[in-house]
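# Structural overview
Here is how the chains run, residue by residue.
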Amino acid sequence: MSFTQQPSTYKLLQCLYNMADMQNTLRTFKFDTCVDGCTPFFKDTVLVHQCISCNKPRWKSCKNTCVDGEGDKICRHPATPVRSVYYMPVEDRLRKLLRSDIRNLFKYPVYRHKSSGDGLVQDFFDSTTYLDFNAIAPDDGEMIYLQVCWDGADMFNHAGKSMWPLCYSILNLPPSLRDKVHVGMHVASFDDGSDAATELFAHELLHLWETGFIVDGRKYYACCPQVVMDGRGREKFCKVQVK
């Protein structure tokens with residue numbers, strides 16, 4: 001999978017839709033945001049009409065002349081958000097994989113830990129980062145480790161609006177499978193680089209770390225110890241994580 005420049009918007013969106021696998025049985029959520037994409041309107045702000053960060057409106061202004069029977073101006077058209085972001089939950093993808101034929105491959109960390117004894121760091125599970133996360137991980141379930149990548153790709157061959165897919169890889173799988181689309185690599189969201197997408201991802205990660213989920217009687221947790229981003233992406237992602 002390569003996020004190279006595409007000859008048209010259609011080709012780019014087709015590429016991203018195929019990778020995100022939006023047209024399947026897994027859930028895809030649509031969240032409203034303000035025009036700047038500061039934060040999604042969800043949970044405590046689901047009924048709020050202005051952004052809690054910049055106070056900009058959630059809805060587009062009605063351009064029709066709407067009046068009631070007495071001539072008073074009142075709009076009865078459905079409210080249209082000024083901007084939206086699509087999000088595909090990480091938990092849904094993990095559940096699907098843990099019920100598939102590759103579920104036994106999630107045991108790779110155990111195999112790696114037993115077989116690596118040369119002291120060289122050749123994989124994430126050879127690193128001190130893994131040991132640090134493993135030391136504080138809940139002991140009543142299995143931990144799934146993720147690597148997130150968030151970067152922009154130009155929509156056209158000339159300078160213009162860019163698309164920012166938020167991708168993640170499952171480190172528990174063998175290295176040869178981590179970059180395989182729909183197996184080890186997935187898309188959680190893609191838009192034009194709003195903070196809302198990263199906030200949704202960080203919020204779900206917090207839930208997967210603190211609460212976890214159960215598949216076929218087994219408890220699983222998830223965390224994201226590796227972040228692969230450029231300066232702009234890291235700045236925005238870290239800003240969301242410290243909220």
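Structural data are supplied above this passage.
Scope of this entry: the structure provided in the associated data block. None of the values given here were measured: they were computed from a predicted structure.

Another aspect to go through is the overall build of the protein. Summing up its helical and strand segments, the protein has six helices and eight strands in all. For the protein, the N- to C-terminal ordering of α and β elements is α-β-β-α-α-α-β-β-β-β-α-β-β-α. Within the protein, the fraction of its 243 residues that count as buried is 42%. For the protein, the exposed surface amounts to about 13600 Å²; the carbon and sulfur share of it is 52%.

This part takes up unusual backbone geometry. In this structure, histidine 182 is a non-glycine residue whose phi angle is positive, near 70°. By the element assignment, histidine 182 lies in the loop between β5 (162–170) and β6 (185–191). We classify histidine 182 as partly exposed; its relative accessible area is 34%.

Attention now moves to helix α5 (residues 195–210). Between its first and last C-alpha atoms α5 spans 23 Å; for 16 residues at 1.5 Å apiece the expected length is 22 Å, and the two agree. Turning to α5, its buried residues are Asp195, Ala196, Ala197, Thr198, Glu199, Leu200, Phe201, Ala202, Glu204, Leu205 and Leu208. Glycine 212 sits one or two positions beyond α5 and adopts a positive phi of about 75°.

Conventions used here
- Residues numbered from 1 in each chain as written.
- Predicted model: local features only at pLDDT ≥ 70, side-chain atom pairs only at ≥ 80, totals over all residues.
- Heavy atoms only, no water.
- Helix = DSSP H or I, 4+ residues; strand = E, 2+ residues; numbered from the N terminus.
- Buried < 20%, exposed > 50% of the residue type's maximum accessible area, 1.4 Å probe, protein only.
- Areas by Shrake-Rupley, 256 points an atom, 1.4 Å probe, with all protein chains shown as cover.
- Expected span 1.5 Å × (residues − 1).

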